[in-house]
Amino acid sequence: MRISSGDPKVPVLYHVERTRTGASFSVRSVKAVQHGQAIFICQASFQQMQPSPLQHQFSMPTVPPPEELLDHEALIDQYLRDPNLQEKYRVGLNRIAAQEVPIEIKLVNPPTLSQPQALEPKQMFWVRARGYIGEGDIKMHCCVAAYISDYAFLGTALLPHQSKYKVNFMVSLDHSMWFHAPFRADHWMLYECESPWAGGSRGLVHGRLWRKDGVLAVTCAQEGVIRLKPRVSASKL
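Residues numbered from 1 in each chain as written. Predicted model: local features only at pLDDT ≥ 70, side-chain atom pairs only at ≥ 80, totals over all residues. Heavy atoms only, no water.

1. Considering the UniProt feature "domain: Acyl-CoA thioesterase-like N-terminal HotDog" (unreviewed entry) in the protein chain
Let me state the cut-off plainly: UniProt positions are given in the numbering used here, feature names are shortened, and annotations may be inferred rather than shown by experiment. Only DSSP runs of H or I reaching four residues or more are called helices, and only runs of E reaching two or more are called strands; each is numbered from the N terminus.
Within this numbering scheme, the UniProt entry marks residues 5–47 as carrying the feature "domain: Acyl-CoA thioesterase-like N-terminal HotDog" (unreviewed entry). Within residues 5–47, the helical portion is 0% and the strand portion 70%, while the C-alpha atoms at the span's ends are 31 Å from each other.

Laid out in structure tokens, this is it:
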């Protein structure tokens, strides 16, 4: 749970409480502190691997493989080559292109920027970490997946409203993850996101990270504050 903004110039002090240590399950509670104030609270649960006949999962959506889709950089370049692209989008895309993002992204259904449309609160994209992480410790891949899972996640709740409103303020409140199966964060995974509800200046989103072989690796949920302001239409005078 995010409580307040952190300061990247100040060290973070982590208080860890051994909440429970059992034969099968253990729980640790973590509080991150800066300037004497808690900025983040986390509860992490761990389980010893156990065989079980109780196994099922949803089916992975059928989508084009990442090899057939444009990467983020190529997609932005395609948008920028459109002579009808509005200047405000051109400025925003150039700003995004200048950022160094440590993950690769390929949208399954890229949006049309020439005219924002009200869309269903669902989106899918292929993601993976840039570079090579290797087999290594699964905990490292879980940490990278946690970073990946927060990318554009809460924005899913904006899709039905983007034609009439733009973001004035948006920040995460709670973010939960469940790890189901081993995976490589430096291999392509499909991120399936949907927002079942929004209201009261809050949005709720659910997400699933699928391995390319169809195994459900991670499930995510997030709630955040979303405050909007109306889009100003260009004057026809």
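After that view, the rundown keeps rolling.
2. Side note on the packing of helix H1 (residues 72–80) against helix H2 (residues 87–98)
Rules: Only the contacting stretch of a helix is used when fitting its axis, a line to C-alpha atoms as for every element, and angles between N-to-C directions run 0 to 180 degrees. Oblique is the label for every angle not falling under 35 degrees (roughly parallel), over 145 degrees (roughly antiparallel), or within 65 to 115 degrees (roughly perpendicular). Here a crossing is called left-handed whenever its near helix is offset anticlockwise from the far helix by less than a right angle, and right-handed whenever the offset is clockwise. It only takes one pair of heavy atoms within 4.5 Å for two residues to be counted as in contact. Gly counts as polar in this scheme, as do all residues outside two lists: the nonpolar Ala, Val, Leu, Ile, Met, Phe, Trp, Tyr, Cys and Pro, and the charged Asp, Glu, Lys and Arg.
Close contact between H1 and H2 brings their axes to 10 Å; oriented N to C, the two are set at 155 degrees. Judged by the angle between their axes, H1 and H2 are roughly antiparallel. For the pair H1 and H2, the crossing hand works out as left-handed. Within the contact between the two elements, H1 uses His-72, Ile-76, Tyr-79 and Leu-80 and H2 uses Arg-90, Leu-93, Asn-94, Ile-96 and Ala-97. Looking at the contact of H1 with H2 residue by residue, the class counts come to six nonpolar, two polar and one charged.

3. Re the nonpolar core
Selection criterion: Take the buried Ala, Val, Leu, Ile, Met, Phe, Trp, Tyr and Cys residues and link them wherever side-chain atoms come within 4.5 Å; each set so joined is a nonpolar core. Only protein chains enter the area calculation, which uses a 1.4 Å probe; residues under 20% of their type maximum are buried, those over 50% are exposed, and those in between are partly exposed.
Ranked by internal contacts, the top residues of the largest apolar core, which has 24 residues, are Phe-125, Val-127, Phe-153, Phe-183, Tyr-191, Leu-209 and Val-218. At the level of elements, strand S4 (103–107), strand S5 (122–129), helix H3 (138–149), strand S7 (189–199), strand S8 (202–211) and strand S9 (216–230) are the ones that each hand at least two residues to this core. Ignoring anything within four residues of it in the chain, the contact list for Phe-153 reads His-175, Tyr-191, Cys-193, Val-205, His-206, Gly-207, Cys-220, Ala-221 and Gln-222. The next biggest cluster of nonpolar side chains, apart from the first, holds nine residues, and it includes Met-60, Leu-69, Trp-126 and Leu-216.

4. Quick look at the environment of Gln-117
As for its position among the elements, Gln-117 is in the loop between S4 and S5. Residue Gln-117 is classed as partly exposed on the basis of its relative accessible area, which comes to 46%. Note: C-alpha distance between Gln-117 and Ser-163 (46 residues apart in sequence) is 4.9 Å. With sequence-adjacent residues up to four places away left out, Gln-117 is seen in contact with Leu-159, Gln-162 and Ser-163.

5. Some remarks on the sheet that holds strand S2 (residues 25–34)
Note the threshold: Here a strand pair is declared whenever DSSP counts at least two bridges between the two strands.
Taken together, the three strands give an open sheet; going across it, the order is S1-S2-S3, and neighbouring strands pair in antiparallel fashion. Edge positions in the open sheet fall to strand S1 (13–21) and strand S3 (37–47), since each of these has one partner strand only. Neighbour-to-neighbour, the strand axes of this sheet turn through a mean angle of 15 degrees, independent of strand direction.

6. Considerations on the packing of aromatic side chains
Filter applied, for reference: Pairing of aromatic rings covers Phe, Tyr and the six-membered ring of Trp, with a centre-to-centre limit of 6.5 Å; geometry is then stacked below 30 degrees between planes, edge-to-face above 60, and tilted otherwise.
The tally for this structure, following the rule as stated, stands at three aromatic pairs. An angle of 40 degrees between the planes, with centres 5.5 Å apart, marks the rings of Phe-153 and Tyr-191 as tilted. Placement of Phe-153 in the loop between H3 and strand S6 (165–179) and of Tyr-191 in strand S7 is noted, with a sequence separation of 38 residues between them. As far as burial versus exposure is concerned, Phe-153 and Tyr-191 are alike and both buried. Taken together, Phe-125, Phe-153 and Tyr-191 form an aromatic cluster joined through their ring pairs.

7. Some remarks on the sheet that holds S6
Pairing is antiparallel across the open sheet formed by six strands, whose spatial order is S4-S5-S7-S8-S9-S6. Strands at the two margins of the open sheet, each flanked by one partner only, are S4 and S6. Between one strand and the next, the sheet's axes are offset by a mean angle of 30 degrees, whatever the strand orientation. Across nine bridges, the pairing between S8 and S9 is antiparallel. Within S9, the residue paired with Leu-204 across the bridge is Glu-223.

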